[in-house]
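Structural overview
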Amino acid sequence: MDPLSRIQELGYSSLEDYHLNAFSRNIGFLSRSDMAILRHKRVAIPGLGGVGGLHLITHVRTGFTNFNVSDFDYFDVANANRQYGAKTSNYNKPKLDTMITEALEINPFLNINAFPTGVNEKNIDQFLDGVDIIIDSLDVFVIDLRILLFNKAREKGIPIVTAGPLGFGTSILCFSPTKGLSFEQHFGIRKEMTEKEKFARFIVGVAPKSFHAQYVDPTSFQPQIKKVPSLGAGCQFAATAACAMSVKIVLDRKGVNYAPAYFTVDPYLQKMKKGVIYGGYKNPLQQFKLFIFTKLIDSLAVEKDLPPEIPNLPIEG
């Protein structure tokens, strides 16, 4: 029996009726009117891998019911440490179909628009149609698509939340279509740059305060073969942080600080930091960090005798 039939057997015939009961324990932190607003907002999640699947599930349990989601990848054993849908029963299954099934098991009344070929120049307008907020869930190496996504979002007036998992913690950046810096102004990334330059600028921009650098093995960063370390705990933390910010934004709450403002937290070290990167990538301190990080990438490439360039990579979190 499918999830909707099971719920209907329990006496719930409509989204409103089910929503009121299934997510009633959210009341107190969110009001009934808040929950009604969330129920009508549409969230776009352009990838259901490392953090994307967790973004979907976290937003569903918070009370969102309308989603545009995409992914063309399949679950693999290597995803088991961090991806919500990575279970033995799901290996070699499409991430998109699997995560939609998982979400419908929580709320069978969800309205989900699926994009099985991923997001690209041809369908991005359709992917963002009716969207109220975007949760950036693209892989760290997927830069050109990220540029397209952020530019289109700014053009269409859609805010974006980026929460990068960093060790056991996360770094949160929010981008407004009308306030603060744009993606290009904050990261300084241009399409004509090499893949190495794009990767380095994105990492330095998304993690201006890198607490995790105190306990990570730098040799585990191997961008030339598209591999960086990632913890499941950090991915869950990132999903929680992203959901908190998306709720605050769509409910039009005060106190949302947009890029170049950032917030970083690491429970492993019990540290947190919030600040503003004035000038974005042009900030002298950011320029220095970029210089150091680029040197690190180059040294690892020499040490491991890896190719100097990073090829384009599809969506996969």
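Scope of this entry: the structure provided in the associated data block. From a predicted model like this one, the values you see are computed outputs, not experimental measurements.

This part covers a nonpolar patch on the surface. A cluster of nonpolar side chains, contributed by Leu285, Phe288, Phe291 and Ile292, occupies part of the molecular surface with about 420 Å² of accessible area. Within the secondary structure, Phe291 is located in helix H11 (residues 284–304). According to the relative accessible area criterion, Phe291 is partly exposed, its value standing at 48%.

As for its position among the elements, Leu148 is in helix H7 (residues 144–156). Those residues in contact with Leu148, other than ones at most four positions away along the chain, are Asn120, Glu121 and Ile124.

On to the packing of helix H2 (residues 15–22) against helix H3 (residues 32–40), then. Taken N-terminus to C-terminus, the directions of H2 and H3 make an angle of 130°; their axes are 11 Å apart at the nearest point. The angle between H2 and H3 falls in the class oblique. Here H2 and H3 pass one another in a crossing that is right-handed. The segment H2 lies against H3, with Leu15, Glu16, His19 and Leu20 engaging Arg32, Met35 and Arg39.

Let's shift gears to the nonpolar core. One finds Leu38, Ile45, Leu56, Phe67, Val69 and Val161 to be the most contacted residues of the largest nonpolar core, which totals 43 residues. Ranked by residues supplied to this core, first place goes to helix H10 (residues 232–250) with 10 residues. Ignoring sequence-local partners within four residues, the contact set of Phe67 consists of Arg42, Val43, Ile45, Leu56, His59, Val60, Leu110, Asn111, Ile112 and Asn113. Listed in part, the 39 residues of the second largest apolar core include Ile143, Ile160, Leu173 and Phe175.

Scanning the entire structure with this criterion turns up 12 salt bridges. A salt bridge links Lys87 to Glu102, with the shortest nitrogen-to-oxygen separation between them at 2.9 Å. Of this pair, Lys87 sits in the loop between strand S2 (66–70) and helix H5 (95–106) while Glu102 is found in helix H5, placing the two residues 15 residues apart along the sequence. Since its relative accessible area comes to 17%, Glu102 is described here as buried. Its salt-bridge partner being Arg190, residue Glu192 comes within 3.0 Å of it at the nearest N-O pair. The exposed category is assigned to Glu192, whose relative accessible area is 61%.

Moving on to the layout of surface pockets. Considering only enclosed or pocket space, the largest pocket measures out at about 1,300 Å³ in volume. The wall of the largest pocket is formed by 49 residues, among which Pro165, Ile203, Phe221, Val228 and Pro229 lie closest to the centre.

Bringing the side chain of Asp136 into the picture now. By the element assignment, Asp136 lies in strand S4 (residues 133–136). In this structure the side chain of Asp136 is engaged in a polar contact, spanning 3.2 Å, whose partner is the backbone nitrogen of Leu138. In this structure the side chain of Asp136 is engaged in a polar contact, spanning 2.9 Å, whose partner is the side chain of Arg146. Ignoring any residue separated from it by four or fewer positions in sequence, one finds Asp136 in contact with His55, Arg146, Phe150, Ile160, Val161 and Thr162.

The next point concerns H7. The terminal C-alpha atoms of H7, which comprises 13 residues, lie 18 Å apart, in line with the 18 Å expected from a rise of 1.5 Å per residue. Along H7, the positions that sit buried rather than exposed are Leu145, Arg146, Ile147, Leu149, Phe150, Lys152 and Ala153. As for H7, its buried residues are in contact with helix H6 (124–127), S4, strand S5 (160–166), strand S6 (169–175), helix H8 (183–187) and helix H9 (195–206). Just beyond H7, the residue with positive phi is Gly157, at close to 75°.

Rules used throughout
Residues numbered from 1 in each chain as written. Predicted model: local features only at pLDDT ≥ 70, side-chain atom pairs only at ≥ 80, totals over all residues. Heavy atoms only, no water. Patch = residues over 30% accessible without salt bridge, like charges linked within 9 Å, V, L, I, M, F, W, Y side chains within 5 Å. Areas by Shrake-Rupley, 256 points an atom, 1.4 Å probe, with all protein chains shown as cover. Salt bridge = Lys/Arg side-chain N within 4 Å of Asp/Glu carboxyl O. Helix = DSSP H or I, 4+ residues; strand = E, 2+ residues; numbered from the N terminus. Buried < 20%, exposed > 50% of the residue type's maximum accessible area, 1.4 Å probe, protein only. Contact = heavy atoms within 4.5 Å. Axes fitted to C-alpha atoms, helices over the stretch in contact; angles between N-to-C directions. Parallel < 35°, antiparallel > 145°, perpendicular 65-115°, else oblique. Left-handed = near helix turned anticlockwise from the far one by under 90°. Core = buried A, V, L, I, M, F, W, Y, C linked by side-chain atoms within 4.5 Å. 1 Å grid on protein atoms, 1.4 Å probe; cavity = no way out; pocket = protein on both sides within 12 Å on 5 of 7 lines; lining within 4 Å. Points joined across faces, edges and corners; volume = space filled by probe spheres on them. Polar contact = N/O pair within 3.5 Å; in protein donor to acceptor, adjacent residues only side chain to side chain. Expected span 1.5 Å × (residues − 1).

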